[in-house]
Amino acid sequence: MAVYNPKSLKAEEFINHEEILDTIAYAEANKNNVELIDAILKKARPKKTETGCVCGGLTHREASVLLACDIPEKIEEIYKIAEEIKLAFYGNRIVIFAPLYLSNYCVNGCVYCPYHLKNKHITRKKLTQEEVRNEVIALQDMGHKRLAIEAGEDPVHNPIEYILECINTIYSVNHKNGAIRRVNVNIAATTVENYKKLKDAGIGTYILFQETYHKESYLELHPTGPKHDYAYHTEAMDRAMEGGIDDVGLGVLFGLELYKYEFAGLLMHAEHLEAVHGVGPHTISVPRIKHADDIDADAFDNSISDDIFAKITACIRLAVPYTGMIISTRESEEVRGKLLRLGISQVSGGSRTSVGGYTEEERPHDTEQFDVSDQRTLDEVVRWLMENGHIPSFCTACYREGRTGDRFMSLCKSGQILNCCHPNALMTLTEYLVDYASEETKKVGYEMVVKELTRVPGEKVRKIAEQNIIDIRNSNRRDFRF
Ligand code: SAM
């Protein structure tokens, strides 16, 4: 039997089944243990220091106790602390991105995904470089600066050379004032050699959802194709980091397995990355299964309610305070609005989950991966965020200035990241407002920029930010390293 060891490079040792079961049992036994819960909450609460703020974070066991707890006042306290952490480390900024589907050819048999090999009626499509260029122009015309590219796994149709060529094309397009400044990549688990190539191509975060940490379920949910190999998939982030990729993004597809199991597994994965590579995940995504072409989301009986979903999000926020959290347009405006208060730091906007969807007038469904709940335009999402007190940020400066991996984390942990992020968010928001926003959004946006400028820490930085914003508004200056 495998033994739990977060430093091991073997999937079954760092995501240890027995340890997860013991954790769930421990959490259940202590879910009404107020003394223990109070001690865990105390550890999670952000503490002021001379340089900023620090946060203890929680172990998978501690966080699992909070997740199991059903005392209403304690749940309220968890939510309150989640919001405090979000404000302490990310301020009221929300980073904006969009997915770009390159190809839906796939050789895997994932039972929850309509791209599975046995789906013979879905239209298969792979973008040509000309089509990639047109999609990027459409995305730039919306105002996007940060993309997450998505592709099925198919060594013949979507080899690494194809993905690299697409990344190159994406970075090369400059339409009007547009530019994609960060390309995150969500493609299947691959080799160290291929991760090195992705690193050399200048990618941002490498994102790979575990789908489920439960090995037996994993094997059933991925019955055929290369993704069937649980260890190869689970150990992918170690290979990515070995290949030089600093920022990796974790996630599970909630609904496939029992959420308490996934939650413990996810945090153990984060602990493993920290233990082995000295840096935890850059982001954690929290997708839930959605209806899709031949996929009935209701057929998955581990689906979670909106309340449990909120609790999971808040408990992740407490456990890994320095990790960004992503919510996609799989979720409705209402759910997204609630989770933004509980620790989410990145949202997608105006998304299309079909191959070539951005150049179509109407939202196409023939190649779509799943239904999009939040169907608002990017302009509507941006305005909605601001009306709710969040600053939409199009900033990619950390990545462009080499503040990735442990360099990003150490700045974040000392609270210093706030000093650059806040002015950068305001400057990139101004760029967006000048170039792409509707009159209504411009009005809300400029008012927000003026108000938020007063909160930029330090007079010198504030003056520079102010001058840059005037320059952007007056002369469309575009020489900053956002
Ligand atoms: N092919 C890549 C891989 O194998 O990991 C990943 C790209 S896939 C386009 C992105 C993610 O979409 C998957 O990891 C999965 O979690 C999610 N997904 C698949 N089917 C879904 C569905 N029906 N509803 C919601 N999300 C889904």
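Bear in mind the structure is a predicted one, so any value in this text is a computation, not a measurement.

Turning next to the environment of Lys-125. Along the polypeptide, Lys-125 turns up in the loop between strand S3 (93–103) and helix H6 (129–142). Classification of Lys-125 as partly exposed rests on a relative accessible area of 25%. Residues in contact with Lys-125, not counting those within four places in the same chain, are Leu-102, Ser-103, Asn-104, Tyr-105, Glu-131, Val-355, Gly-356 and Thr-367.

Another aspect to go through is the pairing of strand S4 (residues 146–151). In terms of burial, S4 is a largely internal element, six of the six residues being buried. Because side chains alternate across S4, one face comprises the buried residues Arg-146, Ala-148 and Glu-150, and the other comprises Leu-147, Ile-149 and Ala-151, equally buried. Sheet topology note: the S3/S4 ladder contains five bridges and is parallel. Bridge pairing links Leu-100 to Ile-149 in S4. Of the crossover connections in this fold, the one passing from S3 over H6 to the parallel S4 is right-handed.

This next bit is on the packing of aromatic side chains. For any pair of aromatic rings, the description consists of the separation of the ring centres together with the inter-plane angle of the planes. Within this structure, the stated rule accounts for six aromatic pairs. Arranged with centres 4.8 Å apart and planes meeting at 75°, the rings of Phe-89 and Tyr-322 form a pair that is edge-to-face. Of this pair, Phe-89 sits in helix H5 (residues 72–90) while Tyr-322 sits in the loop between helix H13 (306–319) and strand S9 (324–327), and the two are 233 residues apart along the sequence. Taken as a pair, Phe-89 and Tyr-322 share a single burial class, namely buried.

Attention now goes to the domain arrangement of the chain. Domain annotation for the chain reports domain 1 (88–375) and domain 2 (417–474). Just the C-alpha atoms count here: the centres of domain 1 and domain 2 sit 30 Å apart. Taken together, the contacts link 14 residues of domain 1 with twelve residues of domain 2. The interface formed by domain 1 and domain 2 holds one salt bridge in total. Linking Glu-431 and Arg-181 is a salt bridge whose minimum nitrogen-to-oxygen distance equals 3.1 Å.

Attention shifts here to the side chain of Asn-92. With respect to the secondary-structure elements, Asn-92 resides in the loop between H5 and S3. For Asn-92, a relative accessible area of 11% corresponds to the buried category. Within the structure, Asn-92 has its side chain in polar contact with the side chain of Glu-452 (distance 3.0 Å). Residues within four places of Asn-92 in sequence aside, it is in contact with Lys-86, Leu-87, Gly-389, His-390, Ile-391, His-422, Glu-452 and Arg-455.

Once that is clear, we can look at the site of the ligand. The ligand sits among 20 residues. The nearest are Tyr-112, Ala-151, Glu-211, Lys-290 and Arg-330. For the ligand, an oxygen atom lies 2.5 Å from a polar atom in the side chain of Glu-211. Within the side chain of Lys-227, an N or O atom sits 3.1 Å from an oxygen atom of the ligand. For the ligand, the protein covers 97% of the area, taking 580 Å² as the surface of the free molecule.

Moving on, we get to the pattern of salt bridges. As enumerated under the stated definition, the model contains 26 salt bridges in all. Note that Asp-379 is salt-bridged to Arg-383, the shortest N-O span being 3.1 Å. In this pair, Asp-379 and Arg-383 are both assigned in helix H15 (residues 378–387), four residues apart and thus about one turn of the helix distant. Judged on exposure class, the residue Asp-379 and its partner Arg-383 are both buried. Two residues, Lys-463 and Glu-459, come together in a salt bridge whose shortest N-O distance is 2.9 Å. Pair noted here: Lys-463 and Glu-459 are both in helix H20 (residues 459–475), with a separation of four residues, about one helical turn. Residues Lys-463 and Glu-459 agree in their burial class; the two are exposed. Each of the salt bridges in this network shares a partner with another, and the network as a whole consists of Glu-28, Lys-31, Asp-70 and Lys-260.

Thresholds, definitions, all that
- Residues numbered from 1 in each chain as written.
- Predicted model: local features only at pLDDT ≥ 70, side-chain atom pairs only at ≥ 80, totals over all residues.
- Heavy atoms only, no water.
- Helix = DSSP H or I, 4+ residues; strand = E, 2+ residues; numbered from the N terminus.
- Buried < 20%, exposed > 50% of the residue type's maximum accessible area, 1.4 Å probe, protein only.
- Contact = heavy atoms within 4.5 Å.
- Pairing = 2+ DSSP bridges.
- Right-handed = clockwise from strand over helix to strand, strands pointing away.
- Phe/Tyr/Trp six-rings, centres within 6.5 Å; stacked < 30°, edge-to-face > 60°.
- Domains from an automatic or database assignment.
- Salt bridge = Lys/Arg side-chain N within 4 Å of Asp/Glu carboxyl O.
- Polar contact = N/O pair within 3.5 Å; in protein donor to acceptor, adjacent residues only side chain to side chain.
- Near = heavy atom within 4 Å.
- Areas by Shrake-Rupley, 256 points an atom, 1.4 Å probe, with all protein chains shown as cover.

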